[in-house]
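Chains, contacts and geometry: an overview
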Amino acid sequence: MVHYGHSNQLRQARAMGDYLIVGVHTDEEIAKHKGPPVFTQEERYKMVQAIKWVDEIAPGAPYVTTLETLDKYNCDFCVHGDDITLTIDGKDTYEEVKTAGRYRECKRTQGVSTTDLVGRMLLMTKAHHSNIGPKGHSPWTGVSQFLQTSQKIIQFASGKEPQPGDTIIYVAGAFDLFHIGHVDFLEKVHQLAEKPYIIAGLHFDQEVNRYKGKNYPIMNIHERTLSVLACRYVSEVVIGAPYAVTADLLDHFRVTLVCHGMTEVVPDKDGSDPYEEPKRRGIFQLVDSGSNLTTDLIVQRIIKNRLEFEARNQKKEAKELAVLE
């Protein structure tokens, strides 16, 4: 998967140099060393490229980073989080570059991992909406609850105000498990104007659960905020936006266009259309992203491969514990 923990790692890596190239592994490499990937390699290439601190991606990067790889892309050094990455036979994948002194480390984001997110989807409970996260044994696989800070939001935010001549576009939704469907939609919206300033309204967890049901959202409001802020197409996020796009909201942000994807719009609690006001003003537009991937489909991918993912999580933790010992 691609999540805000990865975005935070890439943000830190970019701050260490002038140009950031991100190597993305193939499905085959991931399946061999870690287990089945959630997103396909093509989806991951596009998602990583959409993270605003990334200058370039290196598709099909080898799982073991060698000096040859660094030289091929004219890289001075490589960066990884302070968790450990092991090959299928338990070797450190960064051993060669560490020995050569061309390795740097950044802090891993506490409270998130692909393993944890997969676990939330498999459990199909709402336990992750509370502050009691599942406790694992390995410090990397067993994840504590993510704790949001104002500093983290500042680090992710662009800090740019809308400028004269900007087209202020408002989009709203859950943006849960931020994925390629969201990226494709935001990219299409971004292309609608010469100087777009996109504001994404994120609904509170209770609101998302009202219209999505089940154990949604998988990610809480704080996690979803960082996921959306990391996207290069988004300028600003409204945390806990109202479900109905009101006249007050449109006037406050001086919105000139409101966009929605081709997915169903669930009525508000009173049965009214949440986009009634922008439609009345003639500033509402449906945008076809061309992507049919939804959060539901991602969860279905996980459940379909449930046993493989559970085995992956157990195997990964066992390897990490062996290294710790």
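Since the model is a prediction, treat every value here as computed from it, not as a measurement. (Residues numbered from 1 in each chain as written. Predicted model: local features only at pLDDT ≥ 70, side-chain atom pairs only at ≥ 80, totals over all residues. Heavy atoms only, no water.)

The subject of this paragraph is the packing of helix H3 (residues 41-49) against helix H8 (residues 180-190). The N-to-C vectors of H3 and H8 enclose an angle of 50°; their axes lie 10 Å apart at closest approach. Considered as vectors, H3 and H8 are oriented oblique to each other. The handedness of the crossing between H3 and H8 comes out as left-handed. The residues of H8 that touch H3, namely those facing Glu43, Lys46 and Met47, are Ile180, Val183, Asp184 and Glu187. Per-class residue counts for the contact of H3 with H8 are 3 nonpolar, no polar and 4 charged. (Axes fitted to C-alpha atoms, helices over the stretch in contact; angles between N-to-C directions. Helix = DSSP H or I, 4+ residues; strand = E, 2+ residues; numbered from the N terminus. Parallel < 35°, antiparallel > 145°, perpendicular 65-115°, else oblique. Left-handed = near helix turned anticlockwise from the far one by under 90°. Contact = heavy atoms within 4.5 Å. Nonpolar A, V, L, I, M, F, W, Y, C, P; charged D, E, K, R; others polar.)

Look at the UniProt record and you will see "domain: Cytidyltransferase-like" (unreviewed entry) annotated at residues 1-118 and 171-261. Counting secondary structure, residues 1-118 comes out at 37% helix and 14% strand; the distance between its end C-alpha atoms is 9 Å. (UniProt positions renumbered as here; feature names shortened; annotations may be inferred.)

Bringing the sheet that holds strand S9 (residues 284-286) into the picture now. Spatial strand order, S7-S6-S5-S8-S9: 5 strands in an open sheet with parallel pairing. Edge positions in the sheet fall to strand S7 (236-239) and S9, since each has one partner strand and no second. On average, adjacent strands in this sheet sit at an angle of 25° to one another, irrespective of strand direction. By the bridge criterion, 3 bridges tie strand S5 (residues 167-173) to strand S8 (residues 257-260) in an arrangement that is parallel. Counterpart to Val171 in the pairing with S8 is Cys259. (Pairing = 2+ DSSP bridges.)

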